[in-house]
Amino acid sequence: MVWLSRWQYFWLPRVTARGMFDAAPEMVELENGETIAYRARPGGDVPVVLLHGNMSSSVHWDIVFEEMDDRFALYAMDLRGFGDSSYESEADSLTDFAEDVPLFADAVGLDDFHLWGWSAGAGVAMQVAADVPDRIRRLVLLAPPSTQGLPVYEKDENLQPTERVLTTREELAQDPVSVAPVLQALEEQDAETMKNIWTQAIFVNDVPEEERFDRYIEATLKQRNLLDIDYALVHFNISHEDNGIEPGTDEVANIDAPTLVLRGEDDLVVTREMSERVTDEIADARYVELPDCGHAPAVDDADRLLADVESFLTAEH
């Protein structure tokens with residue numbers, strides 16, 4: 001989640017008997033040398049692998065673990081360099097993060113599975129679906145970056161974005177709005193500043209209860225790869241066109257899984273145009289805009305979000 005970027009059907013409220021999900025992570029060694037931390041909710045017969053966004057980890061899927069129907073077996077990874085996972089090989093692209101996903105699925109005994117990515121994790125999910133299309137049953141992209149990436153623009157003296165995209169890690173580190181404050185908070189382990197960043201950019205409609213919010217921030221502060229993931233998002237381009245930074249790879253054409261693209265109407269991180277581009281470029285995709293939701297719909301309206309996702313994942317076609 002790069003914050004402050006450039007920035008029907010009826011459902012019935014669900015009732016859960018579970019309390020707050022706070023299970024300790026399990027660990028698994030991948031063939032490429034990375035150690036991946038993950039949280040699992042087994043028991044269902046429909047496997048779903050969950051990929052979190054920037055500034056987050058598997059902890060941030062807790063509401064989905066608590067509320068999603070029991071028919072779904074959930075596996076939430078800490079991506080490389082996030083949470084409690086290792087960061088043995090530094091990432092230059094979303095492909096580097098994506099290569100861990102099928103290896104993780106192998107390690108936990110999954111052949112084919114549904115894949116649900118949120119924010120930066122949705123970019124990783126698109127890359128996975130393009131790389132190993134035979135393993136992805138259905139694809140859910142929540143607040144995804146565009147198929148042409150998520151640019152960070154240079155700011156003028158009034159901190160307003162110009163038309164120039166920052167393309168190097170050195171430039172990104174100096175961005176005074178969406179990168180430098182996060183980088184400083186991570187370096188200083190400044191929980192209060194990080195909480196303010198989340199409140200201003202992510203939790204714009206609803207804020208989690210204090211205990212949950214504190215756990216989110218604790219997990220956020222474990223991130224070790226902010227500049228790498230921001231760089232990867234800027235340079236991501238699986239579209240058919242040159243985006244002015246990278247030529248398109250055309251890999252979006254490899255995604256053949258039925259795809260659901262969701263975005264909160266009040267999202268300050270990804271624009272509607274970005275989500276609509278994803279929908280237009282994936283062959284079998286449909287778009288749903290979530291009313292009264294920002295960049296974290298699980299916090300704003302879990303009932304509506306999960307009704308849409310569950311209906312999609314269990315549809316016949």
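What comes next is a walk through the structure. The structure presented is a predicted model; accordingly, all values stated were derived computationally and were not measured.

### Examining the packing of aromatic side chains
- Taken as a whole and assessed by the stated rule, the structure comprises seven aromatic pairs.
- Taken together, a centroid distance of 5.1 Å and an interplanar angle of 70 degrees make the contact between tryptophan 61 and tryptophan 116 edge-to-face. With tryptophan 61 in the loop between β3 (46-51) and α1 (62-67) and tryptophan 116 in strand β5 (residues 113-118), this pair connects stretches of sequence that are 55 residues apart. Grouping residues by exposure puts tryptophan 61 and tryptophan 116 together as buried.
- Ring centres 5.2 Å apart and planes at 35 degrees place the aromatic pair tryptophan 198 and phenylalanine 203 in the tilted group.
- Joined through ring pairs, the aromatic side chains of Trp198, Phe203, Phe213 and Tyr216 make up one cluster.
- When the ring centre of tyrosine 231 is taken as origin, the NZ or CZ atom of arginine 169, which lies over that ring, is 4.2 Å away.
- One cation-aromatic arrangement involves lysine 195 over phenylalanine 213; the distance from NZ or CZ to the ring centre is 5.0 Å.

### Focus on the sheet that holds strand β2 (residues 35-41)
- With respect to topology, eight strands assemble into an open sheet ordered β1-β2-β4-β3-β5-β6-β9-β10, the strand pairing being mixed. Here the strands that pair on one side only, and so sit at the sheet edges, are β1 (26-29) and β10 (285-290). Taking the axes of each pair of neighbouring strands and ignoring which way they run, one obtains an average angle of 25 degrees across the sheet.

### Focus: the pairing of β10
- Sheet topology note: the strand β9 (residues 259-264)/β10 ladder contains six bridges and is parallel. Residue pairing across strands places threonine 259 opposite alanine 285, the latter belonging to β10.
- Handedness of the crossover is the feature at issue here: the chain leaves β9, passes through helix α10 (residues 272-281), returns alongside β10, and the resulting connection is right-handed.

### Observations concerning the pairing of β5
- Most of β5 is tucked away: six of the six residues are buried.
- Of the two faces of β5, the one lined by Phe113, Leu115 and Gly117 and the one lined by His114, Trp116 and Trp118 are each fully buried.
- In this structure, β3 lies alongside β5, joined through four bridges in parallel fashion. Bridge pairing in β5 places valine 48 opposite histidine 114.

### Observations concerning the nonpolar core
- Leu115, Trp116 and Met194 are the most contacted members of the largest nonpolar core, which totals 108 residues.
- In terms of residue count, the dominant contributor to this core is helix α4 (residues 120-131) (eight residues).

### What about the packing of helix α7 (residues 191-201) against helix α8 (residues 210-220)?
- Between α7 and α8, whose axes approach to 10 Å, the crossing angle comes to 110 degrees. Of the possible angle classes, the one that applies to α7 and α8 is roughly perpendicular. Of the residues in α8, those in contact with Ala191, Met194, Lys195, Trp198 and Thr199 of α7 are Phe213, Asp214, Ile217 and Thr220.
- Its residues placed into classes, the contact of α7 with α8 shows five nonpolar, two polar and two charged.

### As for the environment of arginine 212
- With respect to the helices, strands and loops of the structure, arginine 212 is situated in helix α8.
- Each C-alpha atom, one on arginine 212 and one on valine 252, is 36 Å from the other, the two residues being 40 residues apart in sequence.
- Here the side chain of arginine 212 touches glutamate 66 through a polar contact of 2.9 Å, side chain to side chain.

What counts, and where the lines are drawn
Residues numbered from 1 in each chain as written. Predicted model: local features only at pLDDT ≥ 70, side-chain atom pairs only at ≥ 80, totals over all residues. Heavy atoms only, no water. Phe/Tyr/Trp six-rings, centres within 6.5 Å; stacked < 30°, edge-to-face > 60°. Helix = DSSP H or I, 4+ residues; strand = E, 2+ residues; numbered from the N terminus. Buried < 20%, exposed > 50% of the residue type's maximum accessible area, 1.4 Å probe, protein only. Lys NZ or Arg CZ within 6 Å of the ring centre and 35° of its normal. Pairing = 2+ DSSP bridges. Axes fitted to C-alpha atoms, helices over the stretch in contact; angles between N-to-C directions. Right-handed = clockwise from strand over helix to strand, strands pointing away. Core = buried A, V, L, I, M, F, W, Y, C linked by side-chain atoms within 4.5 Å. Parallel < 35°, antiparallel > 145°, perpendicular 65-115°, else oblique. Contact = heavy atoms within 4.5 Å. Nonpolar A, V, L, I, M, F, W, Y, C, P; charged D, E, K, R; others polar. Polar contact = N/O pair within 3.5 Å; in protein donor to acceptor, adjacent residues only side chain to side chain.

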